Amino acid sequence: MLSQINRSPVEINAGKSSPFVEIVWDDDHRSKYQVGQLRAICPCATCRETKGENPHQAIKPKTPNPKTEQSKRGLSLPLFKPEKYQITNMNYVGNYALGVEWQDNHHSIFTWRLLSEECPCESCLAERNSPSNNNSSL
Ligand SMILES: [Zn+2]
Ligand SMILES: [Zn+2]
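Counting restarts for each chain, with residues numbered from 1 along the sequence as it is written. Here the convention is simple: chains get letters from A, ligands get numbers from 1, in the order in which they are written. A pLDDT threshold of at least 70 governs which residues receive local features in this predicted model, and a stricter bar of 80 or more applies before side-chain atom pairs are shown or counted, although totals over entire chains, interfaces and linings include all residues. For side-chain calculations, the full set of non-hydrogen atoms in the structure is used, while hydrogens and water are omitted.

Novice: I'm lost on the pairing of strand β3 (residues 30-34) in this one. Help?
Specialist: The two faces of a sheet get side chains in turn, since along a regular strand they alternate between them. Burial along β3 is one-sided: the face carrying S31 and Y33 is buried and the face carrying R30, K32 and Q34 is not. At least two bridges found by DSSP between two strands is the condition for calling them paired. The secondary structure listing takes helices from DSSP runs of H or I that are at least 4 residues long and strands from runs of E that are at least 2 residues long, numbered from the N terminus. With five bridges connecting them, strand β2 (residues 20-25) and β3 associate as antiparallel partners. Looking across to β3, one finds that F20 is bridged to Q34. The turn linking β2 back onto β3 is made up of four residues, and D28 within it adopts a positive phi angle of 75°. Only protein chains enter the accessibility calculation, which uses a 1.4 Å probe; a residue whose area is less than 20% of its type maximum is buried, one above 50% is exposed, and one in between is partly exposed.

Novice: Hey, could you run me through the pattern of salt bridges in this one?
Specialist: Pairing is possible between side chains that carry opposite charge, provided their charged atoms lie close to one another. Each reported salt bridge corresponds to a side-chain nitrogen of Lys or Arg within 4 Å of a carboxyl oxygen of Asp or Glu. Tallied over the entire structure, the rule returns four salt bridges. The shortest N-O distance in the salt bridge between D27 and R7 comes to 3.0 Å. Placement of D27 in the loop between β2 and β3 and of R7 in the segment before β1 (9-14) is noted, with a sequence separation of 20 residues between them.

Novice: Just checking my understanding: could you explain unusual backbone geometry for this structure?
Specialist: Note: most peptide bonds trans; most residues except glycine with negative phi. At D28, a residue that is not glycine, the phi angle is positive and equals roughly 75°. Within the secondary structure layout, D28 lies in the loop between β2 and β3. Residue class for D28 comes out exposed when judged on its relative accessible area of 67%. Even without glycine at this site, N105 takes up a positive phi of about 70°. With respect to the secondary-structure elements, N105 resides in the loop between β5 (97-102) and β6 (107-111).

Here is the structure:
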């Protein structure tokens, strides 16, 4: 599936004050990503680890201390707060990807393919959520 993704952007719109990045593809499709969403799909090893895809975790200490036990109750997972992230710079990486520099000195490389697959528009969402992946495409 999704083997047809072969598009590239003709236009990328982003403003420093804007919480969105919009990509206009050469097939006239438009994708509008929240900045926080882009950060969330960053494919680099660091981000994947942070998101918990890596089962490599510290094991809880066994000593039960009632006092700390209570404060640990709300096990804190990193929550995404989109407004926390800001893009400071974007550039093309070759002709296959978008490089993004973040305010916290993080760098992301999003291939066109990844961006296509993560397009948050209604029709793409519907397509991805459709239970059958038959030849129902256009
Ligand atoms: Zn990353
Ligand atoms: Zn879309």
